[in-house]
Amino acid sequence: MSDNNNLAKQEPAGLAEYDLSKAKDFEWTGRSMDWFLQMLVRQANDLGVEVGITLTIGAGMISGTLISVESYFAQFADEYANSWPQEGREDIRSTFANLGVMTKTTGDDPKLLPPQYIHLKNVNVHAAGGLTCTGLTLWRGTLASVTGFNLGTLS
């Protein structure tokens, strides 16, 4: 009986040394997602390539045009700034547009993280159960949430 009590109080081997701060080590970021889709996103970001794409995600499918992070933030900035009063509108637009420039991953610097987000314009959402939402301007999602993709868009 005392042996069972002692076992229950012992920590599993190695658990005490596990550093939770390393649980999301940036070196591993991107390894749980499709490297090929990540490459296509990088080409969109670095070269401005735009192509029709349909993504499979947990809730259904997202279909639209793959765009660069810079293009996404420029378009987002224009739309978002239009909802602000005229005074300060240009400052808001400029702030958001600059996010796309700052997060662009150009170059072969090995310190640069691979893309983590995918950006689409002219978006249609096809949810499980037949629910469809069409005509969305922009969509941003994590590459890790994409379970599959194909070139081309759904109507």
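Further up the page is the structure itself.
Conventions we followed
Residues numbered from 1 in each chain as written. Predicted model: local features only at pLDDT ≥ 70, side-chain atom pairs only at ≥ 80, totals over all residues. Heavy atoms only, no water. Helix = DSSP H or I, 4+ residues; strand = E, 2+ residues; numbered from the N terminus. Salt bridge = Lys/Arg side-chain N within 4 Å of Asp/Glu carboxyl O. Buried < 20%, exposed > 50% of the residue type's maximum accessible area, 1.4 Å probe, protein only. Core = buried A, V, L, I, M, F, W, Y, C linked by side-chain atoms within 4.5 Å. Polar contact = N/O pair within 3.5 Å; in protein donor to acceptor, adjacent residues only side chain to side chain. Pairing = 2+ DSSP bridges. Axes fitted to C-alpha atoms, helices over the stretch in contact; angles between N-to-C directions.

**Overview of unusual backbone geometry**
Here the phi dihedral of Asn-122 falls at roughly 50°; this positive angle occurs in a residue that is not glycine. Take Asn-122: it is sitting in strand β3 (residues 117–127).

**Things to note about the pattern of salt bridges**
Should the charged atoms of two oppositely charged side chains come close, the side chains can pair. Following the criterion strictly, the structure yields two salt bridges and no others. Of the charged contacts in the structure, one is a salt bridge between Lys-121 and Glu-50, with a shortest N-O distance of 3.0 Å. With Lys-121 in strand β3 and Glu-50 in the loop between α2 (35–47) and β1 (51–57), this pair connects stretches of sequence that are 71 residues apart. Across the pair Arg-93 and Glu-90 runs a salt bridge, and its minimum N-O distance is 2.9 Å. Pair noted here: Arg-93 and Glu-90 are both in helix α4 (residues 89–102), with a separation of three residues, about one helical turn. Judged by its relative accessible area of 26%, Arg-93 is partly exposed. On the basis of relative accessible area, Glu-90 is assigned to the partly exposed category, the value being 47%.

**Notes on the nonpolar core**
Counting 16 residues, the largest nonpolar core has Leu-37, Leu-55, Ile-62, Leu-66, Ile-118, Leu-120 and Trp-139 as the members making the most contacts within it. Going through the elements one at a time, α2, β1, β2 (60–67) and β3 are the ones with two or more residues in this core. Per-element tally for this core: the top contributor is α2, with four residues. Counting five residues, the second-largest nonpolar core is a separate cluster that includes Ile-67, Tyr-72, Phe-73 and Leu-138.

**Section: the environment of Arg-140**
Residue position: Arg-140 is located in strand β4 (residues 132–142). Among the residues examined, Arg-140 registers a relative accessible area of 35% and is labelled partly exposed. The sequence separation of Arg-140 and Tyr-117 amounts to 23 residues, and the corresponding C-alpha distance is 6.7 Å. Of the polar contacts made by the side chain of Arg-140, one reaches the side chain of His-119; its length is 2.8 Å.

**Structural notes on the sheet that holds β3**
An order of β4-β3-β2-β1-β5 is seen for the five strands of this open sheet, with the pairing classed as antiparallel. Each end of this open sheet is capped by a strand with a single partner; those strands are β4 and β5 (146–151). The mean inter-strand angle of the sheet, taken between neighbouring strand axes irrespective of direction, is 35°. Relative to β4, β3 is paired through eight bridges, and the arrangement is antiparallel.

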